[in-house]
Amino acid sequence: MCLGSFADASQGLSKEIEQLEGLFTVETQKLKQITDHFVNELEKGLSVKGGSIPMNPTWVMSYPTGYETGTFLALDMGGTNLRVCQITLTDQKSEFDIIQSKYRMPEELKTGQADELWEYIADCLMQFIETHHGDVSKMDTLPLGFTFSYPATQNYIDEGVLQRWTKGFDIAGVEGENVVPMFEAALAAKGVPIKLTALINDTTGTLIASAYTDTKMKIGCIFGTGCNAAYMEDCGSIPKLAHLDVSPDTPMAINCEWGAFDNEHLVLPRTQYDVTIDNESPRPGQQAFEKMIAGLYLGELFRLVMVDLHDNHSAHIFSGQDISKLRRPYTLDSSFLSAIEEDPFENLSETRDLFHTKLGIEANPAELELVRRTAELIGTRAARLSACGVAAICKKKGYTSCHVGADGSVFNKYPHFKARGAQALREILDWPEKTDPKEEDPIEILAAEDGSGVGAALIAALTLKRVKEGNMHGILHPENFH
Ligand code: GLC
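Residues numbered from 1 in each chain as written. Predicted model: local features only at pLDDT ≥ 70, side-chain atom pairs only at ≥ 80, totals over all residues. Heavy atoms only, no water.

By the naming in an unreviewed UniProt entry, the protein goes by Phosphotransferase and is assigned to Rhypophila decipiens.

J.: Which residues make up the nonpolar core, and what values do they have?
T.: Core analysis: the biggest nonpolar cluster contains 117 residues, and F223, W258, F302 and F318 have the highest contact counts within it. Per-element tally for this core: the top contributor is helix α12 (residues 365-397), with 17 residues. Of all hydrophobic cores here, the second largest spans 38 residues; its members include Y103, A122, F128 and V136. (Core = buried A, V, L, I, M, F, W, Y, C linked by side-chain atoms within 4.5 Å. Buried < 20%, exposed > 50% of the residue type's maximum accessible area, 1.4 Å probe, protein only. Helix = DSSP H or I, 4+ residues; strand = E, 2+ residues; numbered from the N terminus.)

J.: With reference to specific residues and values, describe the sheet that holds strand β5 (residues 142-148).
T.: Strand order in the open sheet formed by five strands is β4-β3-β2-β5-β8, with mixed pairing between adjacent strands. The sheet is open, and its two borders are formed by β4 (96-104) and β8 (194-200), each paired with just one other strand. On average, adjacent strands in this sheet sit at an angle of 20 degrees to one another, irrespective of strand direction. In the sheet, strand β2 (residues 70-77) pairs with strand β3 (residues 81-89) via eight bridges, with the strands oriented antiparallel. Bridge assignment links L75 to a residue of β3, and that residue is V84. Contacts from helix α4 (residues 114-133) reach β2, β3, β4, β5 and β8 within the one sheet, and its direction differs from that of β4 by about 135 degrees. (Pairing = 2+ DSSP bridges. Axes fitted to C-alpha atoms, helices over the stretch in contact; angles between N-to-C directions. Contact = heavy atoms within 4.5 Å.)

J.: Could you give me a rundown of the site of the ligand, with the residues and numbers involved?
T.: Taken together, 15 residues are adjacent to the ligand, and K167, N201, D202, E257 and E290 come closest. Contact distances for the ligand include 2.8 Å between an oxygen atom and a side-chain N or O atom of N201. For the ligand, an oxygen atom lies 2.5 Å from a polar atom in the side chain of E257. For the ligand, whose free accessible area comes to 310 Å², the fraction covered by protein is 98%. Put simply, the parts of the chain that give the shell around the ligand at least two residues each are α6 (202-213) and β10 (227-234). Taken together, the residues that form the shell around the ligand break down as four nonpolar, seven polar and four charged. (Near = heavy atom within 4 Å. Polar contact = N/O pair within 3.5 Å; in protein donor to acceptor, adjacent residues only side chain to side chain. Areas by Shrake-Rupley, 256 points an atom, 1.4 Å probe, with all protein chains shown as cover. Nonpolar A, V, L, I, M, F, W, Y, C, P; charged D, E, K, R; others polar.)

J.: Help me get a handle on the UniProt feature "domain: Hexokinase N-terminal" (unreviewed entry) in the protein, residues and values and all.
T.: As annotated in UniProt, the feature "domain: Hexokinase N-terminal" (unreviewed entry) corresponds to residues 17-212 in the numbering used here. For residues 17-212, the end-to-end C-alpha separation is 46 Å, with 36% helix and 23% strand making up the annotated structure. (UniProt positions renumbered as here; feature names shortened; annotations may be inferred.)

J.: Which residues make up the sheet that holds strand β1 (residues 56-57), and what values go with them?
T.: One open sheet holds the six strands; their spatial order is β1-β11-β10-β9-β12-β13, and the pairing between them is mixed. The open sheet has two free edges, formed respectively by β1 and β13 (443-447), since each of these has just one partner strand. Contacts from α12 reach β9 (217-223), β10, β12 (402-407) and β13, with the element oriented near 5 degrees to β10.

J.: Describe the pattern of salt bridges, naming the residues involved and giving the relevant values.
T.: Working definition: two side chains of opposite charge can pair if their charged atoms are close together. Applying the stated rule across the entire model yields 25 salt bridges. In this structure, R373 engages E21 in a salt bridge whose closest nitrogen and oxygen atoms are separated by 2.7 Å. Of the two residues, R373 sits in helix α12 while E21 sits in helix α2 (residues 14-24), which places them 352 residues apart along the sequence. The class for E21 is partly exposed, based on a relative accessible area of 25%. Notably, a salt bridge pairs R283 with E175, separated by 2.9 Å at the nearest N-O pair. (Salt bridge = Lys/Arg side-chain N within 4 Å of Asp/Glu carboxyl O.)

J.: Describe the packing of helix α9 (residues 295-311) against helix α10 (residues 334-342), listing the residues and the values that go with them.
T.: Packed helices, taken two at a time, are described by the angle their axes make and the gap between the axes. Direction vectors running N to C along α9 and α10 enclose 65 degrees, while the axes themselves pass 7 Å from each other. Classified by the angle their axes make, α9 and α10 are roughly perpendicular. Here G295, L298, G299 and F302 of α9 come into contact with α10, specifically with S334, F336, L337 and I340. Of the residues in the contact of α9 with α10, the class split is five nonpolar, three polar and no charged. (Parallel < 35°, antiparallel > 145°, perpendicular 65-115°, else oblique.)

Spelled out as structure tokens, the structure:
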């Protein structure tokens, strides 16, 4: 197809495109307003009264030095996979060896019975240990860092009360409960030779793993199925920890759980599509920020826009076609949008093929143009809103220059996510335009080290070390630390 005819064809839906641009574009002023509100909310979350962002203390009370040593297991209960690793922190500064295995996380477990989940996890751990250590009866128990990436209140580092499931999990009998005894009971029932040393969040792991190799790293972020960040706070700025009676400059990593930002819907520019996502989710009213940003929801947002433009607008896209596949909730994930944004062809032939194979829809040139623009708008909004959270932490801490370690499928795979986020940070923080494109930004969001592997091991190591030195804050089971 020649360019001219394509451009002509797209005229047909320009009104719809314009409307979507109006709905999904977040201007600089709005970004700044969101960021300022975010700073206040971070502070509220640290107060005794609390706010909607949990700001959970994690009992990680120092950065790594790079000289940590030892062998640790790490377990990551993510959304799609279970990953088990054995990490050896070597004598060489900031270096490690790692062996790992992945196990599928069966979809039915995510909404099934709690016992089945814990048993499955214990089986995977046992299998890993048997493969790598042989006879379990002859070995010493190994310390384990367990990455449990859901909001959990931690009165202790070896305890975690699940506040609520996020990211589409919905297993009865776990919310409001301490997950550690459930996990330990499953290990004990199978005789798995492991002692839990630390329960960690993926963001905290990301922060610590990244700081192990780069001392400029001050924030750990996940932009994946969910979206969240952790950073190091001073205990003196955490009124809800005043009872600890530690010196005000004692560090404490905070798992923000910023997905819950603006659950009150005061500043985020929500569209009707965001409202539908929320209403139809297992936890309406929760994770307002996350639902506009995270990978779990990007494809669904796109789908809702398409269905709406088919059903309710004068345009009637995909008119006369069977859109039953498109009508199925959560049928598109963020990789579908990535593929659309990555289509290198002017006539969007890859996108056309994608619609054909995945949805059984034949999209005409005008529709393809609309599809591409919608993906760009949704992806750009996600990146720009994410930057507000990063900017808010930097503003709160007074960081004018630092590195931010980021991980997750959206950060690593979604096209232009990094550049769009960096551009938004520039606007929010009023940086002058770069004179040399190679110049570093004052605050750079960079690919993180492996948080749920190396980070979990480091946190286990840091915890064992501080217990040895007599810092028993947040230790529930000292017997596990010898
Ligand atoms: C969700 C979880 C949070 C996690 C994030 C990224 O927001 O609540 O604990 O850090 O997803 O995985």
